[in-house]
Amino acid sequence: QVQLVESGGGLVQAGGSLTLSCAASGNGFSFNAMGWYRRPPGKQRELVATITRGGSTNYADSVKGRFTVSRDNAKNTVYLQMNSLKPEDTAVYYCNARAYSGSVWNERDYWGQGAQVTVSS
């Protein structure tokens, strides 16, 4: 089975920085696109950033220029560097990976347990 283990959340002042990490594991699984989503208080989960195995990235407009997503394919690990944090970035951040075992037709989404990021004003 696939496991996604997140680390790096916490409390930071506005204007500060945090880095989230997510290590994926699973015997016999291949990991395609990976990325981050977040659920702000009282709101639905939303896309933050994604990255393909080849390194192509996609960002929500609200984080462009402030957040950077990267990955280490050898370690099946995805990172989210968050700079110039704002109070509205406060949310639970979830790691996501699209992975499959055997045929790519078996590809599905897997999620981490969530990491709380709180930005104080």
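Heads up: these notes are all about the structure in this document. Remember, predicted model here, so these are calculated numbers, not experimental data.

Cut-offs applied
Residues numbered from 1 in each chain as written. Predicted model: local features only at pLDDT ≥ 70, side-chain atom pairs only at ≥ 80, totals over all residues. Heavy atoms only, no water. Buried < 20%, exposed > 50% of the residue type's maximum accessible area, 1.4 Å probe, protein only. Helix = DSSP H or I, 4+ residues; strand = E, 2+ residues; numbered from the N terminus. Pairing = 2+ DSSP bridges. Phe/Tyr/Trp six-rings, centres within 6.5 Å; stacked < 30°, edge-to-face > 60°. Lys NZ or Arg CZ within 6 Å of the ring centre and 35° of its normal.

The alternating pattern of strand β11 (residues 115-120) places A115, V117 and V119 on a buried face, while none of Q116, T118 and S120, on the opposite face, is buried. Bridge analysis of strand β2 (residues 10-13) against β11 gives 4 bridges, and the strand direction is parallel. Counterpart to V12 in the pairing with β11 is V119.

Let's shift gears to the packing of aromatic side chains. Counting across every chain of the model gives 2 aromatic pairs. Between F29 and Y110, the ring centres sit 6.0 Å apart and the planes meet at 85°, which makes this aromatic pair edge-to-face. Of this pair, F29 sits in strand β4 (residues 29-39) while Y110 is found in strand β10 (residues 108-111), placing the two residues 81 residues apart along the sequence. The exposure class assigned to Y110 is buried, which follows from its relative accessible area of 9%. Pairing Y37 with W111 gives two aromatic rings, centres 5.2 Å apart and planes at 70°, and the pair type is edge-to-face. A residue pair is termed long-range when its members are at least 10 positions apart, and Y37 in strand β4 and W111 in strand β10 qualify at 74 residues. When the ring centre of Y94 is taken as reference, the NZ or CZ atom of R45 above it lies at 5.9 Å. Lying over the aromatic face of Y110, R108 brings its terminal NZ or CZ to 4.1 Å of the ring centre.

The values are spatial; any link to function lies outside them.
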